[in-house]
Amino acid sequence: MKIKTIIIFLTTFTAFASFKLTNKRDLTTKYPLISKSKFKRIAKTFEKEFMDFSNEKNEDLLVYADWNDPSADMALARRWETAQILIFRGLAHRREIDPDALMLILCHELGHLYGGYPLKRESDEIAAEGQADYFATKYCIKRALLLIDNKNINQRIRNAIHSVGNFLANNWGHQLPSLKTPSTIIQDQTIMDHPTPQCRFDTFFAGLTDQERPRCWFKE
Ligand SMILES: [Zn+2]
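Residues numbered from 1 in each chain as written. Predicted model: local features only at pLDDT ≥ 70, side-chain atom pairs only at ≥ 80, totals over all residues.

Moving on: the overall build of the protein chain. In terms of regular secondary structure, the protein chain is built from 7 helices and 6 strands. For the protein chain, the α and β elements follow one another from N to C terminus as α-β-α-α-β-β-β-α-β-β-α-α-α. (Helix = DSSP H or I, 4+ residues; strand = E, 2+ residues; numbered from the N terminus.)

In structure tokens form, the structure reads like this:
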């Protein structure tokens, strides 16, 4: 039954991987930094917490932690009246990712499902990458981190943004994003695919601090 579930997931999911580099060996640990039980628990508590979004759309939210797949990846789908998020074990082996950062990654996936316009896919209402990031820090991350505990929430949100920003930059072979080096890109139309790691970092902070969506991906 379990294997069947996994096969269904893998064959029908749309992966939104943003990797451009393949040499990430020194960033990947042999043993997981987040234990299997913790990894699975994070997925389950996240699923329970955010059912209000899926209920409003008359669908079920399913968050699945795959401990077999070694890729540091995540995926999502909407079908059969379910909204599904999948995270892969490789994330638990990456030095940049702690439980708080994993929550931000889950929030990004939730943003694809409930972040609204602009959409990267109209047919199943999947929000654009930048919109998923914006939603993640505007509506999700605080609630998500409270599921772990309520200590130093504001600092932990910032740390999670830095952690995920570093993870994305390392995947692309870019320099680590910083508040001191905001993206200078100005798009003349909205881009639906992955913005640069610095632009995504800027978008996380824009969502957190209630600013406009950055021009490095969004055009009114
Ligand atoms: Zn995405």
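So, about the packing of helix 6 (residues 153–172) against helix 7 (residues 197–208). As a packed pair, helix 6 and helix 7 sit with axes 9 Å apart at the nearest point and diverge in direction by 165°. The angle between helix 6 and helix 7 places the two elements in the roughly antiparallel class. Of the two elements, helix 6 crosses helix 7, and the hand of that crossing is right-handed. Facing Ile 157, Ile 161, Gly 165, Leu 168, Ala 169 and Trp 172 of helix 6, the residues of helix 7 in contact are Pro 197, Arg 200, Phe 201, Phe 204, Phe 205 and Leu 208. (Axes fitted to C-alpha atoms, helices over the stretch in contact; angles between N-to-C directions. Parallel < 35°, antiparallel > 145°, perpendicular 65-115°, else oblique. Left-handed = near helix turned anticlockwise from the far one by under 90°. Contact = placed C-beta atoms within 7 Å.)

In this structure, Ile 87, Met 103, Leu 104, Leu 106 and Ile 141 are the most contacted members of the largest nonpolar core, which totals 53 residues. If you tally residues by element for this core, the top one is helix 4 (residues 99–114), at 10 residues. Setting aside anything within four residues of it in sequence, one finds Ile 87 in contact with Ala 43, Ala 65, Asp 66, Met 74, Ile 105 and Leu 106. (Core = buried A, V, L, I, M, F, W, Y, C linked by C-beta atoms within 7 Å. Buried ≥ 20, exposed ≤ 12 C-beta atoms within 10 Å, placed from the backbone.)

With 14 residues, helix 2 (residues 36–49) extends 20 Å between its outermost C-alpha atoms, agreeing within 8% with the 20 Å of an ideal straight helix rising 1.5 Å per residue. Looking only at helix 2, the buried set comprises Phe 39, Ile 42, Ala 43, Phe 46 and Glu 47. Down the axis of helix 2, the buried set is contained in an arc of 130°. They therefore lie on one face. Facing away from the buried side of helix 2, by more than 90 degrees, are the exposed residues Ser 37, Lys 44 and Lys 48. (Expected span 1.5 Å × (residues − 1). Arc of directions from axis to C-beta.)

The next thing to look at is the environment of Thr 184. Relative to the assigned elements, Thr 184 resides in the loop between helix 6 and helix 7. For the pair Thr 184 and Arg 215, spaced 31 residues apart in sequence, the C-alpha separation works out to 8.6 Å.

Turning to the environment of Phe 39, a few remarks are in order. Assignment of secondary structure puts Phe 39 in helix 2. Expressed as a C-alpha distance, the spacing of Phe 39 and Arg 89, which sit 50 residues apart in the sequence, is 8.0 Å.

Because an α-helix packs 3.6 residues into every turn, residues spaced three or four apart end up facing the same way. The terminal C-alpha atoms of helix 7, which comprises 12 residues, lie 17 Å apart, in line with the 16 Å expected from a rise of 1.5 Å per residue. The element helix 7 is largely enclosed, with a buried count of 10 among its 12 residues. Listed as buried for helix 7 are Pro 197, Gln 198, Cys 199, Arg 200, Phe 201, Asp 202, Thr 203, Phe 204, Ala 206 and Gly 207. Directly after helix 7, the chain includes Asp 210, whose backbone phi takes a positive value near 65°.

None of this, on its own, says anything about what the molecule does.
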